[in-house]
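# Overview (structure and organization)
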Amino acid sequence: MGKVGNLEKIVAEFGPHLHDEPYEGWRADRVIDKVVPTHCPYCGVQCGMNLLVERDHVVGFEPRYDFPVNEGRLCPKGVTAYLQVHHPDRLLHPLIKRNGTFERATWDEALDLVVAKFKELQAKHGKDSIGVYSGSSLTTEKTYLMGKFARAGLGTRYVDYNGRLCMVSAAAGNNKAFGIDRAANPWSDIPLAEVLLIAGANCAETFPVLNKFLWQQRDNGGVWIIVDPRETPTARQGDLHLQLRPGTDVALLNAMLHVVIQERLADEAFIAARTNGWAETRELALRHTPQLAAEITGVPAEKIVQAARLYGRAKTGMVMHARGIEHHTNGVNNVLSYINLVLATGKIGAAGRGYGTITGQGNGQGGREHGQKADQLPGQRSMLNPEHRRYVCDAWGLPEEELPQAGVSVVEMFGKMRAGEIRGLLSLCNNVMVSLPDINEVRRSLEGLDFYVNIDFFMSESARYADVVLPGSAWSEDEGVTCNSEGRVVKINKANDPPGEAKEDWWIVQEIARRMGRGKYFTFNSPREIFDELRVASRGGNADYYGITYEKVERQNGVFWPCPAEDHPGTPRLFEERFNHPDGKAKFHPIEYNPPAEVPDEEFPLILTSGRVVYQYLSGNQTRRIGFLVQQCPEPYVEIHPETAARLNVSDGERVKVVSRRGEGVFPALVVRTIRPDTIFIPYHWGEQLAVNQLTNPALDPVSKIPEFKACAARVEKIHARALPLLGRRRRGTESSSVTRLRDGGQ
Ligand code: SF4
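All right, on to the site of the ligand then. Around the ligand, the neighbouring residues are Cys-40, Tyr-42, Cys-43, Gln-46, Cys-47, Leu-74, Cys-75, Lys-77, Gly-78, Pro-208 and Val-209. If you map the ligand onto the pockets, it falls in the second largest cavity. Taken together, the residues that form the shell around the ligand break down as eight nonpolar, two polar and one charged.

Right, let's get into the layout of surface pockets. If you add up the space inside the largest pocket, you get close to 500 Å³. Lining the largest pocket we find 27 residues, and of these Asn-175, Lys-373, Asp-375, Gln-376 and Ser-382 sit closest to its centre. Secondary-structure elements contributing two or more residues to the lining of the largest pocket are helix H5 (168–178) and strand S15 (381–382). By residue number, the principal contributor to the lining of the largest pocket is H5, which donates five residues. Classifying every residue of the lining of the largest pocket by side-chain character gives nine nonpolar, nine polar and nine charged.

Attention now moves to the packing of aromatic side chains. Tallied over the full model, the rule gives 17 aromatic pairs. With 5.5 Å between their ring centres and 35° between their planes, Phe-61 and Tyr-82 make a pair best called tilted. In this pair, Phe-61 is assigned in strand S3 (residues 57–63) and Tyr-82 in the loop between helix H2 (76–80) and strand S4 (95–98), connecting sequence segments 21 residues apart. When its relative accessible area of 7% is taken as the criterion, Tyr-82 is described as buried. Between Phe-457 and Phe-458, the ring centres sit 5.0 Å apart and the planes meet at 50°, which makes this aromatic pair tilted. For the pair formed by Phe-457 and Phe-458, the shared burial category is buried. Here the aromatic cluster, defined as three or more aromatic residues joined through ring pairs, consists of Phe-178, Tyr-355, Phe-575 and Phe-579. Above the face of the Trp-224 ring, Arg-218 is positioned so that its terminal group lies 4.6 Å from the ring centre. Here the guanidinium or amino end of Arg-535 rests over the ring plane of Tyr-546, the centre of that ring lying 5.3 Å away.

Moving on, we come to the packing of helix H3 (residues 107–125) against helix H20 (residues 505–518). Contact geometry of H3 with H20 gives a least axis separation of 10 Å together with a crossing angle of 55°. In terms of their interaxial angle, H3 and H20 are classed as oblique. At the point where H3 passes H20, the crossing takes the right-handed sense. The segment H3 lies against H20, with Trp-107, Asp-108, Leu-111, Asp-112, Val-114, Val-115, Phe-118, Lys-119 and Gln-122 engaging Trp-507, Ile-508, Glu-511, Ile-512, Arg-515 and Met-516. Partitioning the contact of H3 with H20 into residue classes produces nine nonpolar, one polar and five charged.

Further remarks concern the environment of Tyr-338. Tracing the chain through its elements places Tyr-338 in helix H15 (residues 331–344). Separated by 200 residues in the primary sequence, Tyr-338 and Leu-138 place their C-alpha atoms 30 Å from one another. Leave out the neighbours within four places in its chain, and Tyr-338 touches Leu-197, Ala-199, Val-227, Asp-249, Leu-252, Leu-253, Val-319, His-321 and Ile-325.

It is worth spelling out the confidence of the model for the protein chain at this point. Here the protein chain shows a mean pLDDT of 95. Residues at 70 or above account for 96%. A low-confidence stretch, residues 725–747 (pLDDT under 50), is modelled with 47 contacts involving residues beyond four sequence positions or located in other chains.

Sheet architecture is open: seven strands sit in the order S5-S4-S18-S17-S16-S6-S7, paired in mixed fashion. Looking along the sheet, the strands with just one partner apiece sit at the ends: strand S5 (101–104) and strand S7 (159–161). Adjacent strand axes in the sheet meet at a mean angle of 20°, parallel and antiparallel pairs treated alike. Bridge analysis of strand S6 (residues 130–134) against strand S16 (residues 424–428) gives four bridges, and the strand direction is parallel. Residue pairing in the sheet places Gly-131 in a bridge with Leu-425 of S16. Against the sheet, helix H4 (residues 140–154) contacts S6, S7 and S16, and its axis sits at roughly 170° relative to S6.

Attention shifts here to empty space enclosed by the protein. Evaluated as defined, the whole model comprises six cavities of 30 Å³ or more. For the second largest cavity, the calculated volume is near 100 Å³. Of the residues in the lining of the second largest cavity, the class split is nine nonpolar, two polar and one charged.

This part takes up the pairing of S6. Judged by how many residues are buried, S6 sits mostly within the fold: five of five residues are covered. Where S6 meets S7, three bridges bridge the pair, whose relative direction is parallel. The partner of Tyr-133 across the bridge, within S7, is Asp-160. The parallel pair S6 and S7, bridged by H4, forms a crossover whose chirality is right-handed.

This part is about the pattern of salt bridges. A full pass over the atoms with the stated rule returns 60 salt bridges. For Glu-71, the salt bridge is made with Arg-73, and the minimal N-O distance between the two is 3.7 Å. For Glu-71, a relative accessible area of 38% translates into the label partly exposed. Classification of Arg-73 as partly exposed rests on a relative accessible area of 37%. Salt bridges sharing common partners tie together Glu-24, Arg-27, Asp-29, Arg-30, Glu-54 and Arg-55.

This part takes up the side chain of Arg-625. In this structure, Arg-625 sits in the loop between strand S23 (606–611) and helix H23 (627–632). In this structure Arg-625 comes out as buried when scored by relative accessible area, which is 1%. Among the polar contacts made by the side chain of Arg-625, one reaches the main-chain carbonyl oxygen of Met-459 at a distance of 2.9 Å. Among residues more than four places away in sequence, those in contact with Arg-625 are Phe-14, Gly-15, Pro-16, His-17, Leu-18, His-19, His-87, Asp-89, Phe-458, Met-459, Ser-460 and Val-630.

What follows is about the nonpolar core. In this structure, Phe-178, Ile-348, Leu-470 and Ile-512 are the most contacted members of the largest nonpolar core, which totals 114 residues. Counting 64 residues, the second largest nonpolar core, distinct from the first, contains Leu-74, Ile-198, Ile-626 and Tyr-684.

The next point concerns the pairing of strand S25 (residues 655–659). With four of its five residues buried, S25 lies for the most part within the structure. In this sheet, strand S26 (residues 664–671) lies alongside S25 in antiparallel orientation, the contact comprising five bridges. Among the inter-strand pairings, Val-658 is bridged to a residue of S26, identified as Gly-665. Taking the residues that link successive antiparallel strands as the turn, the S25-S26 hairpin has four residues. Two elements, S25 and strand S30 (residues 712–718), share four bridges in a ladder whose sense is antiparallel. Bridge pairing in S30 places Val-658 opposite Val-716.

Moving on, we come to helix H17 (residues 410–418). By the burial criterion, the buried members of H17 are Val-410, Val-411, Met-413, Phe-414, Lys-416 and Met-417. Looking one or two residues past H17, Gly-420 carries a phi angle of roughly 80°, positive in sign.

A few words on helix H9 (residues 249–262). Taking 1.5 Å per residue, 14 residues should reach 20 Å; H9 reaches 20 Å between its end C-alpha atoms and fits that length. Of all 14 residues in H9, 13 are buried, a share of seventy percent or more.

Geometrically, the link from Gly-15 to Pro-16 is a cis peptide bond, its omega value of 20° lying close to zero. As for its placement among the helices and strands, Pro-16 is situated in the loop between helix H1 (7–14) and strand S1 (34–39). The linkage connecting Trp-561 with the following residue, Pro-562, adopts the cis geometry, with an omega of 0°. On the secondary structure map, Pro-562 appears in the loop between strand S21 (559–560) and strand S22 (586–587). The phi torsion at Asn-99 lies on the positive side, around 50°, for a residue other than glycine. With respect to the element layout, Asn-99 can be found in the loop between S4 and S5. Under the relative-accessibility criterion, Asn-99 is labelled exposed at 75%. For Glu-688, which is not glycine, the phi dihedral falls at a positive 50°. As for its placement among the helices and strands, Glu-688 is situated in the loop between strand S27 (679–683) and strand S28 (697–700). Residue classification places Glu-688 among the buried residues on the basis of a relative accessible area of 16%.

Rules used in this analysis
- Residues numbered from 1 in each chain as written.
- Predicted model: local features only at pLDDT ≥ 70, side-chain atom pairs only at ≥ 80, totals over all residues.
- Heavy atoms only, no water.
- Near = heavy atom within 4 Å.
- 1 Å grid on protein atoms, 1.4 Å probe; cavity = no way out; pocket = protein on both sides within 12 Å on 5 of 7 lines; lining within 4 Å.
- Sits in = over half its atoms within 2 Å of the grid points.
- Nonpolar A, V, L, I, M, F, W, Y, C, P; charged D, E, K, R; others polar.
- Points joined across faces, edges and corners; volume = space filled by probe spheres on them.
- Helix = DSSP H or I, 4+ residues; strand = E, 2+ residues; numbered from the N terminus.
- Phe/Tyr/Trp six-rings, centres within 6.5 Å; stacked < 30°, edge-to-face > 60°.
- Buried < 20%, exposed > 50% of the residue type's maximum accessible area, 1.4 Å probe, protein only.
- Lys NZ or Arg CZ within 6 Å of the ring centre and 35° of its normal.
- Axes fitted to C-alpha atoms, helices over the stretch in contact; angles between N-to-C directions.
- Parallel < 35°, antiparallel > 145°, perpendicular 65-115°, else oblique.
- Left-handed = near helix turned anticlockwise from the far one by under 90°.
- Contact = heavy atoms within 4.5 Å.
- pLDDT = per-residue confidence, 0-100.
- Pairing = 2+ DSSP bridges.
- Right-handed = clockwise from strand over helix to strand, strands pointing away.
- Salt bridge = Lys/Arg side-chain N within 4 Å of Asp/Glu carboxyl O.
- Polar contact = N/O pair within 3.5 Å; in protein donor to acceptor, adjacent residues only side chain to side chain.
- Core = buried A, V, L, I, M, F, W, Y, C linked by side-chain atoms within 4.5 Å.
- Expected span 1.5 Å × (residues − 1).

As structure tokens, this is what we get:
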């Protein structure tokens, strides 16, 4: 039975079940008594929407036309988001696992058990024997609270968050080059750029409403250069597609920089006045010709020259990138090589001249600003800096000697669980059994824990392994702020109370801290009080929120940080006069190309890459319960090029086995010309035997500690009919439907 216990019973009781109706079904006689302006709970665009409320129940939505980012637009996830609020799968009571079965408990029973177990483990094994793993789909108040809870509540060094699987390569690269971690420009700059260089970002599916700005740029006569191993819907709309081998961005960008230098397209005045480190970077780039890069990347040299000329000759231009270049053992170097091109051409710090990282989660930006990262304190301060530590301890009233040292990344934390160093875990708003690489090892980590507490509002694949599950709040049940991908802080408003006995997440976390005897650091009566403390704790840091108030956010329809004073309007565009390093200059970094940690060989001849689809969000714990979304994309599939499929004698729609050094899975083949012949792609939103993360490589970038989700060695095997496994959770009538649908319309 294992640690999960009675899986069939858990799934029967808690789903995922499909659901398509608002509370009390479709009714024409609704009397809406409240319209609550807020933002979508999903991606980092943070589209504005109104929630329609009838008697404390969210029964509908409408897009907000007054919010300048989406101006009335929403994507398929946004229009169905409200259906999760009163979904029949919602967790309504605390649960304690007894003899393999979750049993209903009172809050006192559950919280007392959590506190007793945590105290027992810490008494036996030390404070660091408990780990805390948090998320970035939470409000910023909660992310701040989670960092403080770990350090001041439990006194453990081991805290990290799921942005580690998302944005940290961009964050580290930005900090190294610019001295601050935030997109440099507001999206209103995008239509002003003559050229967009979009790398590893399928915005059309993963950031749909951003396309508003991209199409405006196109309407203004702009061109797009797309760098992606797949001909994604975004790439298909581009003017020039550089379809590189996964993980070879550094080689490509060094060669583009080579052309920029050779053709005298570098902005020497900008370089001299505003940067350091050019000579070494220039010298390295001059050794990397387009011909050399063509061999490494698989992109013809002429296309590399064409791209460098397009970007280099334009007066204005913006570079944007996402997980495609960041999810690598060379993730930080990939980011820095794009920044080198931006700096060499002086395309930053002015209207239409810029650079931005595209976040994944709704609060991917805010979630990495205020201290839930292993090495970070509020305001993007560092755990390693004595002055920063002192400032935050003063703000918290915590004796400095009680503040633990920096911890380690989540993948490393899960290694420490297997080693028996971390014995207890509290997690909030994440789903490691889908989202971490090499989930067979992740399962071992969870099964080896002495005690695991999971806070969530649906029973995720990971929560099934927990000893205690505490029912938390959906996004409509709490107040707070998030920060979208531009750096714009927006306001989330409460529309309804949590259902049943579920509680606001911040209340649950604070209550555990209080019962641990640390109540003097946790005296909050509302998210507003948490935010007011956060403002002070972040004051003077890079991510300075001191001048941001709830009222100002609502009045201005968002405030861009840094905002150091209440009469400060915020900072939509960074670097107009100086970068954030002490001398005010940006830094070049000479980067040599290194291949991914695992490259194809005879046994595993293909490169497996993974990613997202428009109809699902992250680990799917929310979206795999919404019928409409599941109908559009019911299961994962493996994209295979026709040449590769022919060589393997695999037909479109046929189920094949995909194998890596870590595991194997069975997926329907989607035979498409849009992928490179040496590469296969599987979307990642599913768990158990449908998880691509059975296969992915947990190798980490040495700086950002992001795993290499985007490139590992794999092979595809044909399955003979008698060997076909039964996939227990596949629904009748959906066989190969995702394949058919994607080929006909979605691809
Ligand atoms: Fe929500 Fe993002 Fe879609 Fe907007 S684009 S509706 S924020 S998922």
